[in-house]
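The lines below spell out each chain.
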Amino acid sequence: MLALQGDFREHVATLAALDLPAFEVRTLEQLDDADGLIIPGGESTTIARLLLAFELREPLRARIASGLPVWGTCAGAILLAKRAPGLDRPTLGVLDITVERNAFGRQLDSFEADLEIAGVEGGPFRGVFIRAPAIVATGPAVEVLARLEDGSIAACRDGALLATTFHPELTNDLRLHALFAAMVEERLDEAQERRVRAEELTA
Amino acid sequence: MATTNGNRVDDADERGETATWRVKAGLAQMLKGGVIMDVVTAEHARIAEEAGAAAVMALERVPSDIRAAGGVARMSHVALVEEICQSVTIPVMAKARIGHFVEAQILEAIGVDYIDESEVLTPADEAHHIDKRGFRVPFVCGCRDLGEALRRIAEGAAMIRTKGEAGTGDIVEAVRHMRAVWGGIRRIEGLRDDELASHAKELGAPLELVQEVKRLGRLPVVNFSAGGVATPADAALMMQLGADGVFVGSGIFKSEQPAEMAAAIVKAVTHFEDPAVLAEVSREIGEPMRGQSASALPPAEQLAVRGN
C-alpha cells in the first residue's frame, strides 16, 4: 500500500477482509519488501510531489519495469498513466493510457454507477467516482475491462498493471481486490518457477 | 460507509447517482494524510497547490487577521471564491457562518467542493446549525469533543475537524479537542451495549451514532485537526494523536517563508511517525507565525466556544 497521501487505510481494511497481509509503504526499504503495490485515491498533485520529494519515483519505476504488480485507483490510475495532461509533475509513466483529470467536473458531479467489469463475475460492480478522472485513450497492449455508459473507460489492465478510475475500497465489494491479489500471486508463482529453473541449471 | 444521519439527496442523473452519502464522505477519505491550507488569493492558492496541499480553503482573511480586524466575519466574496476555484485543480473549500444556510446555498451554487460551517466566522444562528442533509455539496464542521462531533454528523456533516483555537498559532486547544474526541471514543468502547442509551443522552448525540462509534472504534467520518497548527512538529503531533490530516490556517501565510513552511508541513503529515524526516523538514523552514497564547484570550475572543 503506497501510503504517502490518500485513503490507504480503506484499502488495507479491504485486503484484511480477504485475509491478505498488507503494509504501508512510505520508504525505499518498505518498497523493496512489497510483492505488489496499490496506489490509493488521493490528490494526484500531492502524491506526485511526494514521490519525487522522497525519491521514490525512479526506484518504483524500476520495480515496475521488473514486473511488480501495481494497481492504481483514481489518483493512482493518474500516476500510472503515460499521459496525464495538466498534471504539473511527472507521473510514473508506465501504463500506456491517457488520463483526463477531473473529467466529470467538481465534487457536485461526483457519482455512483453500476459497472460490468470483464473478469469480475457475479453481477455489476458499484463504482464510486469522486472528482474522478477518465481514461480517454489506451495503447494497443492495454485491455479495457469496464466502460461507463458514456463510453469512457473506467478500468483497464496491461500485464501486471491495473487501473480503475473509481474506488472499490469505499464499498464492501471485495472482488477487485481479490482480482489484484490473484495478479500478485500469479507473479510470485512465476518468479518461484524461474528461481527453481535457475537452480536446476546451475546444479 | 453506512451512517444513520439521514442523507437524503440521492439524485439520479444521466451518468449515475450524485450527492450520495458515499460520494460526499468519500471525498474526505481522499484528503486523508493531507494538508488543507487557508488561502486568501488565487496566488496563495497556487503556492499551496505547488507545495502539495490536498485542498485549499478559500477565505477573505486568515483567522489571525479576522481576529485583528474585528467586526463581523462573513462568507467570502463570491468572485474571490470563483477565482480561486479556477486557479487550482485540487478541491476548493469555503466557509459559511454557523446556521447561515443561505451562504451555504450560494457556495453550493458556485460549485465549491466542500463547505466548512465554521466558528471562525461570526455565527448567524446561536441555536441551530445548518441542516446539511438536504445539500448536494458535502460539509465539514468543527467540534471540541465527541458529543459535538456526533451532533454535527447527525445534521449531515460528512467530515469533522477538531476546532482548536483558530488564528492563535497555539496548538494547546487543538490537542485538548483531539484528546477529548478520542477519549470519548475509548470510553464508548468500554461500555456495555445496554449502557449506550444513557451515555448517548449524556453526550447529547443520537444513539445510532453512538452505537456506530462503538462498532467502528472511531468516528464514522474522517476527522482532521484544525486551529493552531504553526509548524511541521505541530502537524505531526496532531497526526500522532489520531488526526486523519490537518487544516493549516494562519500558520502558513503568516510565517516568514510560506512556500517552504507549506511544503514542510505536507511532508511532516506523510512521515508523521518518523522523527528523522521531521527533523529534516524542520530544517527547511523560516520563522513560524508569531502567534498568541490561546489561554490569554479574553472569553469574547475565543472562537471555539461558538456553536455547540
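Attention in this report is confined to the structure presented alongside it.

Quick notes on the rules
- Residues numbered from 1 in each chain as written.
- Chains lettered and ligands numbered in written order.
- Predicted model: local features only at pLDDT ≥ 70, side-chain atom pairs only at ≥ 80, totals over all residues.
- Heavy atoms only, no water.
- Helix = DSSP H or I, 4+ residues; strand = E, 2+ residues; numbered from the N terminus.
- Rg over C-alpha atoms; globule rule 2.2 N^0.38 Å.
- Buried < 20%, exposed > 50% of the residue type's maximum accessible area, 1.4 Å probe, protein only.
- Contact = heavy atoms within 4.5 Å.
- Areas by Shrake-Rupley, 256 points an atom, 1.4 Å probe, with all protein chains shown as cover.
- Lys, Arg positive; Asp, Glu negative; His and termini not counted.
- Charge placed at Lys NZ, Arg CZ, Asp CG, Glu CD.
- Phe/Tyr/Trp six-rings, centres within 6.5 Å; stacked < 30°, edge-to-face > 60°.
- Patch = residues over 30% accessible without salt bridge, like charges linked within 9 Å, V, L, I, M, F, W, Y side chains within 5 Å.
- Salt bridge = Lys/Arg side-chain N within 4 Å of Asp/Glu carboxyl O.
- Disulfide = S-S within 2.5 Å.
- Polar contact = N/O pair within 3.5 Å; in protein donor to acceptor, adjacent residues only side chain to side chain.
- Pairing = 2+ DSSP bridges.
- Right-handed = clockwise from strand over helix to strand, strands pointing away.
- Buried area = accessible area lost by both parts, 1.4 Å probe.

Helix and strand counts for chain A stand at six helices and ten strands. Radius of gyration (C-alpha) of chain A: 17 Å, near the 17 Å computed for a compact globule of 203 residues. Judged by the C-alpha coordinates and their principal axes, chain A covers about 60 × 40 × 35 Å. Counting only residues that meet the buried cut, chain A has 53% of its 203 residues in that class. A separation threshold of at least 6 residues defines the contact pool for chain A, and within that pool the share at least 24 residues apart is 64%. Approximately 8,200 Å² of chain A is accessible, and the part contributed by carbon and sulfur atoms is 51%. Positive and negative side-chain charges in chain A, numbering 20 and 32 respectively, have mean positions lying 6 Å apart.

Inspection of the entire model under this criterion finds eight aromatic pairs over all chains. Taking the centre distance of 5.1 Å and the plane angle of 75° together, the rings of F135 of chain B and F139 of chain B count as edge-to-face. Both residues of the pair, F135 of chain B and F139 of chain B, count as buried. An angle of 65° between the planes, with centres 5.7 Å apart, marks the rings of F224 of chain B and F247 of chain B as edge-to-face. Taken together, the residues F224 of chain B in strand β9 (residues 222–225) and F247 of chain B in strand β10 (residues 246–248) connect sequence positions 23 residues apart. As far as burial versus exposure is concerned, F224 of chain B and F247 of chain B are alike and both buried. Three or more aromatic residues joined by ring pairs form one cluster here, namely F104, F111, F125, F129 and F166 of chain A.

Residues E29, D32, D33, D35, E185, E186 and D189 of chain A make up a contiguous surface patch of negative charge. Tracing the backbone shows E29 of chain A in helix α2 (residues 28–33).

Throughout the structure, instances matching the rule amount to zero disulfides over all chains. Here C74 of chain A stays free of any disulfide, with the sulfur of C156 of chain A as its closest cysteine sulfur at 13 Å. No disulfide involves C85 of chain B; its sulfur sits 19 Å from the nearest other cysteine sulfur, which is in C74 of chain A.

Residue and element names in this part refer to chain B. By the element assignment, T231 lies in the loop between β9 and α10 (232–240). Within the structure, the side chain of T231 is placed 3.0 Å from the backbone nitrogen of D234, a separation counted as a polar contact. In this structure, T231 is in contact with M261, I265 and P288, ignoring residues within four places of it in sequence.

Moving on to the side chain of T270 of chain B. Mapping T270 of chain B onto the fold places it in helix α12 (residues 258–270). Dropping the residues within four chain positions of it, T270 of chain B is found in contact with A3, L4, R26, L50 and F54 of chain A together with G33 of chain B.

The next thing to look at is the environment of I130 of chain A. Topologically, I130 of chain A is positioned in the loop between β6 (125–129) and β7 (134–138). By relative accessible area, which is 2% here, I130 of chain A ends up buried. Beyond its immediate chain neighbours, meaning those up to four positions away, I130 of chain A contacts C74, Q107, S110, H167 and L170 of chain A together with R22, V23, G26 and L27 of chain B.

Residue and element names in this part refer to chain B. Burial runs high along strand β7 (residues 139–143): five of the five residues are buried. The alternating pattern of β7 places F139, C141 and C143 on one face and V140 and G142 on the opposite face, and all of these are buried. Pairing of strand β6 (residues 114–118) with β7 involves three bridges; the strand directions are parallel. Paired with D116 across the two strands is V140, which belongs to β7. With four bridges connecting them, β7 and strand β8 (residues 159–162) associate as parallel partners. Note on β8: the bridge partner recorded for V140 is M159. Between the parallel elements β7 and β8, the chain passes through helix α6 (residues 146–154) in a crossover that is right-handed.

Moving on: the interface of chain B and chain A. Counting residues at the interface gives 44 residues for chain B, matched by 42 residues for chain A. When residues of chain B are sorted by the area they lose upon contact with chain A, R15, R22 and M30 of chain B head the list and together hold 23% of the total. Linking chain B with chain A are eight salt bridges, by the criterion used here. The residue D113 of chain B makes a salt bridge to R106 of chain A at a minimum N-O spacing of 2.7 Å. Inspection of the chain B/chain A interface yields 27 residue pairs in polar contact (both at pLDDT 80 or more). Elements supplying a minimum of two residues to the side of chain B that touches chain A: β2 (17–18), α1 (21–31), α2 (42–51) and α12 of chain B.

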